[in-house]
Amino acid sequence: GRGRVYKALGNLPEKKKESFLRQICTQIVSAARNADKAMPGHKPTHLNILYYGETTGIYWHADDDDNDGDGDAPIVSLSLG
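Quantities reported herein were computed from a predicted structural model and do not represent experimental measurements.

Trainee: Any chance you could explain helix α1 (residues 15-35) here in plain terms?
Mentor: The periodicity of an α-helix, 3.6 residues per turn, causes residues three or four places apart in sequence to face the same way. Relative to the 30 Å expected for 21 residues at 1.5 Å per residue, α1 spans 31 Å between its end C-alpha atoms, a close match to the ideal helical length. Among all positions of α1, only E18, C25 and V29 are buried. Buried positions in α1, seen along its axis, are confined to an arc of 40° and lie on one side of it. For α1, exposure combined with an orientation more than 90 degrees from the buried face picks out K16, N34 and A35.

Okay, structure coming up:
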């Protein structure tokens, strides 16, 4: 199976989770900016959680829908598993 959750960080049920996620995003972008000075700054606003239960992984796809961002702001991606 698979699933998707897309939410504004401010709409998370607990402020501790919102703060924690913002902190992680900020640290990841800071590390990327240290490695590449052309990387723009950011202010994290949304969370997109994707779950893929198949062991074959995800196949090629493009994140180019209207709600996938404007293309000029960093997207922080963290894969687990």
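The rest of the description comes next.
Trainee: Help me understand a nonpolar patch on the surface in this model?
Mentor: On the surface, I28, L78 and L80 cluster together into a nonpolar patch covering about 340 Å² of accessible area. Residue position: I28 is located in helix α1. Looking at I28, the relative accessible area reads 33%, which means it is partly exposed.

Trainee: Explain the environment of P74 here, please?
Mentor: Mapped onto the elements, P74 comes out in the segment after β2 (46-52). Sequence separation of P74 and V29 is 45 residues, and the distance between their C-alpha atoms is 7.8 Å. Apart from the residues within four sequence positions on either side, P74 is in contact with M39, P40, G41 and H42.

Rules used throughout
- Residues numbered from 1 in each chain as written.
- Predicted model: local features only at pLDDT ≥ 70, side-chain atom pairs only at ≥ 80, totals over all residues.
- Heavy atoms only, no water.
- Helix = DSSP H or I, 4+ residues; strand = E, 2+ residues; numbered from the N terminus.
- Expected span 1.5 Å × (residues − 1).
- Buried < 20%, exposed > 50% of the residue type's maximum accessible area, 1.4 Å probe, protein only.
- Arc of directions from axis to C-beta.
- Patch = residues over 30% accessible without salt bridge, like charges linked within 9 Å, V, L, I, M, F, W, Y side chains within 5 Å.
- Areas by Shrake-Rupley, 256 points an atom, 1.4 Å probe, with all protein chains shown as cover.
- Salt bridge = Lys/Arg side-chain N within 4 Å of Asp/Glu carboxyl O.
- Contact = heavy atoms within 4.5 Å.

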